[in-house]
Amino acid sequence: MNAAGTLRQARAGLPGLLVPIALATGLATLVIVAAGGHPPASQAQRVQQIAAGLHCPICKDLSVADSPAPLAQQMRQEIAQKVRAGESPDQIRAGFVAAYGDSVLMSPPRRGVAAVVYYVPVLVLAVGLITAFLLLRRWLRAPRPDPRQAGPPQVGPPRVGSAQAGSAQAGLPPLSAAQRRTVAKAVARLREEELG
């Protein structure tokens, strides 16, 4: 084998080798980022994060962090004192929930009746996907009419000559020649009466 053949084989195997290398590099990057985490937040940032998660008891639709109310200012000062004392954000939130109830939380708790807020959208999405899947499956399994067998659709009332076909379609026994003549005469009389 010559050098050109060896080079061709090496180039042919290169894409297969690049994929595992790229996957390994991506996995290593994810591990490094996950292990490193975020840099620790400053005390002011922690106070801001906790205050943003609490609803101002006085203001409508404002967090403690955004509210200009004096009570919200007092709550921010209390949060700052508790952060300096070393309390965790969960402990601080629990203290405010004990004082003001669950309504002080900007996001409802994931327990009790308030958990419905979190689980109903997932349930609605699941029901919608299942319904779409079942309808699609029914549509795909529905028998398709063969266009070669189907004739053009019949428009309007059946013609006199097609009485035989009409009775067969309706599940009636076919008409005899004498019966067809009688029907034709009756139809002719009706037409004369309509015109006259």
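Now for a look at the structure at hand.

Basis of the calculations
Residues numbered from 1 in each chain as written. Predicted model: local features only at pLDDT ≥ 70, side-chain atom pairs only at ≥ 80, totals over all residues. Heavy atoms only, no water. Helix = DSSP H or I, 4+ residues; strand = E, 2+ residues; numbered from the N terminus. Buried < 20%, exposed > 50% of the residue type's maximum accessible area, 1.4 Å probe, protein only. Contact = heavy atoms within 4.5 Å. Areas by Shrake-Rupley, 256 points an atom, 1.4 Å probe, with all protein chains shown as cover. Patch = residues over 30% accessible without salt bridge, like charges linked within 9 Å, V, L, I, M, F, W, Y side chains within 5 Å. Salt bridge = Lys/Arg side-chain N within 4 Å of Asp/Glu carboxyl O. Core = buried A, V, L, I, M, F, W, Y, C linked by side-chain atoms within 4.5 Å. Expected span 1.5 Å × (residues − 1). Lys, Arg positive; Asp, Glu negative; His and termini not counted. Charge placed at Lys NZ, Arg CZ, Asp CG, Glu CD. Phe/Tyr/Trp six-rings, centres within 6.5 Å; stacked < 30°, edge-to-face > 60°. Lys NZ or Arg CZ within 6 Å of the ring centre and 35° of its normal. Axes fitted to C-alpha atoms, helices over the stretch in contact; angles between N-to-C directions. Parallel < 35°, antiparallel > 145°, perpendicular 65-115°, else oblique. Left-handed = near helix turned anticlockwise from the far one by under 90°. Nonpolar A, V, L, I, M, F, W, Y, C, P; charged D, E, K, R; others polar.

### Some words on the overall build of the protein
When helices and strands are counted, the protein shows 7 helices and 0 strands. In sequence order, the protein lays out its α and β elements as α-α-α-α-α-α-α. Within the protein, the proportion of its 196 residues that are buried is 13%. Of all intrachain contacts in the protein linking residues separated by at least 6 positions in sequence, the fraction that spans at least 24 positions is 39%. With an accessible surface of roughly 15,500 Å², the protein has 64% of that area assigned to carbon and sulfur atoms.

### Considering the side chain of Lys-82
Locating Lys-82 in the fold gives a position in helix α3 (residues 70-84). The buried category is assigned to Lys-82, whose relative accessible area is 19%. The residues touching Lys-82, leaving out its near neighbours within four places in the chain, are Glu-87 and Ile-92.

### As for a nonpolar patch on the surface
Judged by side-chain polarity, Val-113, Val-116, Val-120 and Val-124 come together as a nonpolar surface patch covering roughly 370 Å² of accessible area. Position of Val-120 relative to the elements: it lies in helix α5 (residues 116-141).

### Structural notes on the nonpolar core
Of all hydrophobic cores here, the largest spans 17 residues; its most connected members are Ile-50, Leu-54, Val-64, Ile-79, Val-83, Ile-92 and Phe-96. Breaking this core down by element, the ones donating at least two residues are α2 (43-52), α3 and α4 (89-100). When residues in this core are grouped by element, the largest group, 5 residues, is from α3. Apart from the residues lying within four places of it in its own chain, the contact partners of Ile-79 are Val-47, Ile-50, Ala-51, Leu-54, Ile-92 and Phe-96.

### Topic: helix α7 (residues 177-195)
Helix length check: α7 (19 residues) gives 27 Å between terminal C-alpha atoms against 27 Å at 1.5 Å per residue, within 8%. With 0 of 19 residues buried, α7 is to be regarded as a mostly surface element.

### Concerning the pattern of salt bridges
In total, this model carries 2 salt bridges according to the counting rule given. Between Lys-82 and Glu-78 there is a salt bridge; the shortest N-O distance is 3.3 Å. Note that Lys-82 and Glu-78 are positioned in helix α3 at a spacing of 4 residues, about one turn of the helix. Glu-78 gets classed as partly exposed once you look at its relative accessible area, which sits at 32%.

### Some thoughts on the environment of Val-97
Along the chain, the position of Val-97 falls in helix α4. As for Val-97 and Leu-54, which are separated by 43 residues in sequence, their C-alpha atoms are 9.2 Å apart. With sequence-adjacent residues up to four places away left out, Val-97 is seen in contact with Asp-102, Val-104 and Leu-105.

### Let's talk about a positive patch on the surface
On the surface, Arg-180, Arg-181, Lys-185 and Arg-189 cluster together to form a positively charged patch. Within the fold, Arg-180 resides in helix α7.

### A few points about the side chain of Ser-63
Structurally, Ser-63 can be placed in the loop between α2 and α3. For Ser-63, a relative accessible area of 4% gives the class buried. Those residues in contact with Ser-63 that lie beyond four places of it in its chain are Ala-51, Ala-52, Leu-54, His-55, Cys-56 and Met-106.

### Comments concerning the packing of aromatic side chains
Inspection of the entire model under this criterion finds 1 aromatic pair. Measuring from ring centre to ring centre gives 6.4 Å for Phe-96 and Tyr-100, while their planes differ by 15°; the resulting arrangement is stacked. Taken together, the positions of Phe-96 and Tyr-100, both in helix α4 and 4 residues apart, correspond to about one turn of that helix. Lys-82 extends its terminal NZ or CZ atom over the ring of Phe-96, reaching a point 5.4 Å from the ring centre.

### Here we look at the packing of α2 against α3
Contact pair α2 / α3: the axes reach a minimum separation of 9 Å and the direction vectors enclose 130°. Accordingly, the angle class assigned to the pair α2 and α3 is oblique. Of the two elements, α2 crosses α3, and the hand of that crossing is right-handed. Taken together, the residues of α3 that come into contact with α2 (itself represented by Gln-43, Arg-46, Val-47, Ile-50 and Ala-51) are Arg-76, Ile-79, Ala-80, Val-83 and Arg-84. Its residues assigned to classes, the contact of α2 with α3 shows 6 nonpolar, 1 polar and 3 charged.

Read these as geometric descriptors, not functional statements.
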